[in-house]
Amino acid sequence: MTIVQFEHRDGILDLGWGHPLPSLLPAGAWAAATEEALRTYGWKALTYGHEPGPAPLREWIAAHVGDATPEQTFVTAGTSHGLALVTQLLTSPGDVVLVDSPTYHYAYKIFTDLHVRLIAVRAGDPDEVARAAREHDAAFLYLVPTFGNPTGRSLPGEQRRRLAASGLTIVEDDTYRELFYDRPASPALWSSGERIIRLGTFSKTVAPGLRLGWINAGPSTVIELARLGAVHSGGGVNHTTAMTMAVFGGSGAYGKHVLTLRQRYRAQRDALIPAADDRPDGGWFWWKELPDGIDAESLLPVAERYGVSFVPGTAFFLDGQSGHDRVRLSFSHLPPADLREAARRLDVAIRSVLGQ
Ligand SMILES: Cc1ncc(COP(=O)(O)O)c(C=O)c1O
């Protein structure tokens, strides 16, 4: 009986999936918030919801992020859903979308499902982005500028400023903003430019099973999103869950939970990566460079024989060529002792390929 998207395979410490550690999912606090939401809002928490999202949650999100109003906030079923909705709204089949390279690999399928053409650019080179945008008359640029997937890295301030000021429509995937371990994240592109749409989610900070997140965009874009057929027909997205989230946020349970997550994921990061120049200071991933002569795809079956798994770097590039020298390692869903053991196994697998 299959219930969840992924469960560990026997004998393999899997660093491939960006899923939360099960014991960090707040089942008890969420149950209390659900009861409270139903007691407080009664039938209004269970019927069709207001199309852009219920006011209590839009107001809470706006106050929480601090750089958006409720009118600039549309409640979604998470970042993946937000990306699909925004792409549906901003593109026609055949239009070009620029994607940062490397980037979140599952976004590619969301785009191609909607029949847009993808062109890879390096968001760290705003001149290259501007040239590609002109050449292809691009609908928008998609990127994960903060604690990115797969790199764990954040775009430096200068590039942020230049992209935000470029006039190009930008879809900013801000999935990992709150999971910082050393210092708070840089301000979002959203808060410093025009024509920027930000995607937020509660998948990483509360639970992916909620399928709940939001879009920040101009009020007229929010109105257009609310008028989309599937939203108009079905009402506000995940309305009952959204009402529970408003209570979970407003009660202070969210803030407390995120503080715990930062401590726990920091400890998990440090277990996998005790010291490295490229250690990420937020998010869930380490973009580990392999020694010369090791190919990420060939390493995978060897690593699995040693009881550890990962995603080869090639998965995150559109060209099928780049990324052979990298692996993406997730430290999100194993406890520290397992992460230390996984790092040891990976090291042994690499040394066996090198013949050491
Ligand atoms: C960069 C990025 N965007 C989006 C998602 C998916 O987010 P959601 O669960 O809110 O759909 C993930 C999850 O792995 C991600 O890493």
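Residues numbered from 1 in each chain as written. Predicted model: local features only at pLDDT ≥ 70, side-chain atom pairs only at ≥ 80, totals over all residues. Heavy atoms only, no water.

### Let's talk about a nonpolar patch on the surface
Point 1. Judged by side-chain polarity, Met1, Ile3 and Val4 come together as a nonpolar surface patch covering roughly 420 Å² of accessible area.
Point 2. Within the fold, Ile3 resides in the segment before strand E1 (13-14).
Point 3. A relative accessible area of 70% means that Ile3 is categorised as exposed. (Patch = residues over 30% accessible without salt bridge, like charges linked within 9 Å, V, L, I, M, F, W, Y side chains within 5 Å. Areas by Shrake-Rupley, 256 points an atom, 1.4 Å probe, with all protein chains shown as cover. Salt bridge = Lys/Arg side-chain N within 4 Å of Asp/Glu carboxyl O. Helix = DSSP H or I, 4+ residues; strand = E, 2+ residues; numbered from the N terminus. Buried < 20%, exposed > 50% of the residue type's maximum accessible area, 1.4 Å probe, protein only.)

### A few points about the side chain of Thr79
Point 1. Relative to the elements of secondary structure, Thr79 occurs in helix H3 (residues 79-90).
Point 2. Contact partners of Thr79, with chain neighbours within four places excluded, come to Asp173, Thr175, Leu199, Gly200 and Thr201. (Contact = heavy atoms within 4.5 Å.)

### As for helix H6 (residues 157-164)
At 3.6 residues per turn, the α-helix brings residues three or four places apart onto the same side.
Point 1. Looking only at H6, the buried set comprises Arg160, Leu163 and Ala164. Angularly, the buried residues of H6 cover 95° about the axis, an arc narrow enough to put them on a single face.
Point 2. Tucked into the core, H6 has its buried residues touching helix H5 (126-136), strand E5 (140-143), strand E6 (170-173) and strand E7 (196-201). (Arc of directions from axis to C-beta.)

### Describing the site of the ligand
Point 1. The environment of the ligand is formed by Gly78, Thr79, Ser80, Tyr104, Val144, Asn149, Asp173, Thr175, Tyr176, Thr201, Ser203 and Lys204.
Point 2. The side chain of Ser203 places a nitrogen or oxygen atom 2.7 Å from an oxygen atom of the ligand.
Point 3. A distance of 3.0 Å is found between an oxygen atom of the ligand and a side-chain nitrogen or oxygen belonging to Lys204.
Point 4. A total of 400 Å² of accessible area belongs to the ligand in isolation, and the protein chains cover 89% of it.
Point 5. When grouped by side-chain class, the residues that make up the shell around the ligand number three nonpolar, seven polar and two charged. (Near = heavy atom within 4 Å. Polar contact = N/O pair within 3.5 Å; in protein donor to acceptor, adjacent residues only side chain to side chain. Nonpolar A, V, L, I, M, F, W, Y, C, P; charged D, E, K, R; others polar.)

### As for the sheet that holds strand E2 (residues 73-76)
Point 1. Strand order in the open sheet made by the seven strands is E2-E8-E7-E6-E5-E3-E4, with mixed pairing throughout. Two strands bound the open sheet, and with one partner strand each, they are E2 and strand E4 (117-121). Neighbour-to-neighbour, the strand axes of the sheet open up by a mean angle of 25°, direction not taken into account.
Point 2. Pairing analysis gives four bridges linking E6 to E7, with the strands arranged parallel. Each bridged residue has a counterpart across the sheet, and for Val171 the counterpart in E7 is Ile197. (Pairing = 2+ DSSP bridges. Axes fitted to C-alpha atoms, helices over the stretch in contact; angles between N-to-C directions.)

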